[in-house]
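Structural features, examined
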Amino acid sequence: MSSSSSSDDSDEDMILQILINLPRPRLFRDRSNPLQDYDDLDFKLSKETFMILLHMIGDSIKHKTNRSSSLSPVLQLLIALRYYATGAFQMVLGDHIQVHKSTVCRVIKTVSIEIARLRPHFIQFPSNVAEQQKVQLGFFRLHQFPRVIGALDCSHIRIQSPKSDIGEQFRNRKEYFSFNVQAICDSNLKILDIVARWPGSVHDSTIFDNSFIRAKFENNEFGNSYLLGDGGYPCRNYLLTPLLNPRTDAERKYQKAQIGSRNVVERLFGVLKRRFPVLAVGVRTKLSTTMATIVATAVLYNFLLKEKDEIPPEFDNHVIDIELLQEIPTLPIHQLGNAERSHLINTVFS
């Protein structure tokens, strides 16, 4: 009897081990219509605008497989938009939408690259006279500053440590890792140009000096138009910066108009980071994916402007204080545009 009982126990143990070692059954979750499960706040844009965007990139992100468990273009785009809208860890995002972290990483990379490829359609510098005059009129209506075609500045986008030989190149002056991203915008906060490839340790003026847009201005492709920048840039005949110590009434008028007009690009970065908080809390992906993410959010921003999709209200109206100009640093280098700036002050602001 005891022998039979021992044999039964042995059989049960063997069966239990077999059951334990059986592969876990695959769970096919219902992802058929996520549009019904999320509202506009989840997408950070209206569902109508979402469908327009999906139509533009859907074929490019569709899996070339007949497997029923592959992620649909709808769900892939939703994952990327949720990432842009929250900056959440990919594991948390995956748990929320019920996909694995590695899948979330691949989706963010794929979707970001495809959205970034839409850049030529949505981020364009005014190329003809009519477009340039329209932008100039917009700036003139702000503070009566003539012939301005764009406001220029840079902003740091926090990233995780690259953990490589080039890691320290990304540590900025505030001692965290970042990309230093250059943008030019018009008076309506529309992005006209963006450069998102430079490490955080690189100075704003270096980024501009090595940009295509600077070469175009040097080649006189924009006529007598101006860019406006802060004191971190050298003054040139096409790039006007604030004065260090304005003394006359004309200089103070110029200073107020220059700062007020240039302020739009600072507001742009604020609105962009509020619309896509991943840019504010930090991007935790590989460098190549991070660059694609930054450009993709810029493309989405302009796309939403075009579709008149509501942008979150700003925290304040950012009042310009003329006394703040004493704190603006000026580069201690030869200012090639001083003569052009002085001529403008004497003829327009006097």
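Just so you know, these numbers come straight off a predicted model, no measurement behind them.

What follows deals with the confidence of the model for the protein. Confidence in the prediction of the protein, expressed as mean pLDDT, is 82, and 74% of residues score 70 or more. Between residues 24-32, whose pLDDT stays under 50, and residues either more than four places distant or in other chains, the model counts 11 contacts. Low pLDDT (under 50) marks residues 314-334, which in the prediction has 35 contacts with non-local residues, meaning those over four places away or in another chain.

Judged by nonpolar contacts, the single largest core of 72 residues is most densely connected at Leu77, Tyr84, Ile115 and Phe145. Setting aside anything within four residues of it in sequence, one finds Tyr84 in contact with Val111, Ser112, Ile115, Phe276, Pro277, Val278, Thr293, Ala296, Thr297 and Leu300. Residues Ile149, Val202, Phe222 and Tyr233 belong to the second largest nonpolar core, which totals 17 residues.

A word on the packing of aromatic side chains. Two descriptors summarise a pair of aromatic rings, namely the distance from one centre to the other and the angle between the planes of the rings. Counted under the stated rule, the structure contains 13 aromatic pairs. With a centroid separation of 5.2 Å and an interplanar angle of 80 degrees, the aromatic rings of Phe170 and Phe179 are classed as edge-to-face. Their ring planes at 85 degrees and their centres at 6.3 Å tell us that Phe208 and Tyr233 sit as a pair that is edge-to-face. Of the two residues, Phe208 sits in helix α9 (residues 204-209) while Tyr233 sits in the loop between β4 (226-228) and β5 (239-240), which places them 25 residues apart along the sequence. Residue classification places Tyr233 among the buried residues on the basis of a relative accessible area of 1%. A network of ring pairs unites the aromatic residues Phe125, Phe208, Phe217, Phe222, Tyr233 and Tyr238 as a single cluster. Of note, Arg158 hangs over the ring of Tyr176, and the distance from its end group to the ring centre comes to 3.9 Å.

Attention now moves to the sheet that holds β4. Read across the sheet, five strands follow the order β3-β2-β1-β4-β5 without closing on themselves; strand pairing throughout is mixed. The sheet terminates laterally at β3 (191-199) and β5, the two strands that pair on one side only. With six bridges connecting them, strand β2 (residues 178-185) and β3 associate as antiparallel partners. Paired with Ile184 across the bridge in β3 is Asp193. Across the sheet, helix α13 (residues 287-306) lies against β1 (148-158), β2 and β3, angled at about 170 degrees from β3, the strand it touches most.

If a residue is not glycine, its phi is most likely negative; likewise, a peptide bond is most likely trans. One non-glycine residue, Gln144, lies in positive phi territory at about 55 degrees. Inspection of the secondary structure puts Gln144 in the loop between α8 (129-143) and β1. By relative accessible area, which is 45% here, Gln144 ends up partly exposed. Despite not being glycine, Arg147 shows a phi value in the positive range, around 60 degrees.

Quick look at α8 now. When the terminal C-alpha atoms of α8 are compared, their 22 Å separation across 15 residues agrees well with the 21 Å that a helix rising 1.5 Å per residue should span. Among the residues of α8, those classed as buried are Gln132, Val135, Gln136, Gly138 and Phe139. For α8, the buried positions fall inside an angular range of 155 degrees around the axis, keeping them on one side. What points out from α8, more than 90 degrees from its buried face, is the exposed set Val129, Ala130, Lys134 and Arg141. Those residues of α8 hidden inside the fold are in contact with β1, β2 and α11 (249-275). Measuring from the side-chain oxygen of the N-cap residue of α8 to the backbone nitrogen of Ala130 gives 3.2 Å; that N-cap residue is Asn128. Positioned one or two residues after α8, Gln144 has a phi angle of 55 degrees, which is positive.

Counted by the stated rule, this structure contains nine salt bridges. Residue Asp249 is joined to Arg252 by a salt bridge in which the shortest nitrogen-to-oxygen separation is 2.9 Å. Within this pair, Asp249 and its partner Arg252 are both found in helix α11, separated by three residues, close to a single helical turn. According to the relative accessible area criterion, Arg252 is partly exposed, its value standing at 37%.

Moving on, we come to the packing of α11 against α13. α13 packs onto α11 with a crossing angle of 100 degrees between their chain directions and a minimal axis gap of 11 Å. With respect to α13, the element α11 is oriented roughly perpendicular. Contact with α11, carried on its side by Leu268, Val271, Leu272 and Arg275, involves Thr297, Tyr301 and Leu304 of α13 and no other residues of that element.

Here helix α6 (residues 101-116) is 16 residues long and its end C-alpha atoms lie 22 Å apart, about the 22 Å a rise of 1.5 Å per residue gives. Those residues of α6 lying buried are Thr103, Val104, Val107, Ile108, Val111, Ser112, Glu114, Ile115 and Ala116.

This part covers the pairing of β3. Most of β3 is tucked away: seven of the nine residues are buried. Taking the residues between adjacent antiparallel strands as the criterion, β2 and β3 are bridged by five residues, where Leu189 takes a positive phi near 65 degrees.

Taken across its 11 residues, β1 has 10 buried, putting it largely inside the fold. The sheet contact formed by β1 and β4 spans three bridges and is parallel. For Val148, the partnering residue across the bridge sits in β4 and is Tyr226. Bridge count between β1 and β2: eight bridges; the pairing is antiparallel. Counted as the bridge partner of Ser155 is Val181 from β2.

Rules and cut-offs
- Residues numbered from 1 in each chain as written.
- Predicted model: local features only at pLDDT ≥ 70, side-chain atom pairs only at ≥ 80, totals over all residues.
- Heavy atoms only, no water.
- pLDDT = per-residue confidence, 0-100.
- Contact = heavy atoms within 4.5 Å.
- Core = buried A, V, L, I, M, F, W, Y, C linked by side-chain atoms within 4.5 Å.
- Buried < 20%, exposed > 50% of the residue type's maximum accessible area, 1.4 Å probe, protein only.
- Phe/Tyr/Trp six-rings, centres within 6.5 Å; stacked < 30°, edge-to-face > 60°.
- Helix = DSSP H or I, 4+ residues; strand = E, 2+ residues; numbered from the N terminus.
- Lys NZ or Arg CZ within 6 Å of the ring centre and 35° of its normal.
- Pairing = 2+ DSSP bridges.
- Axes fitted to C-alpha atoms, helices over the stretch in contact; angles between N-to-C directions.
- Expected span 1.5 Å × (residues − 1).
- Arc of directions from axis to C-beta.
- Polar contact = N/O pair within 3.5 Å; in protein donor to acceptor, adjacent residues only side chain to side chain.
- Salt bridge = Lys/Arg side-chain N within 4 Å of Asp/Glu carboxyl O.
- Parallel < 35°, antiparallel > 145°, perpendicular 65-115°, else oblique.

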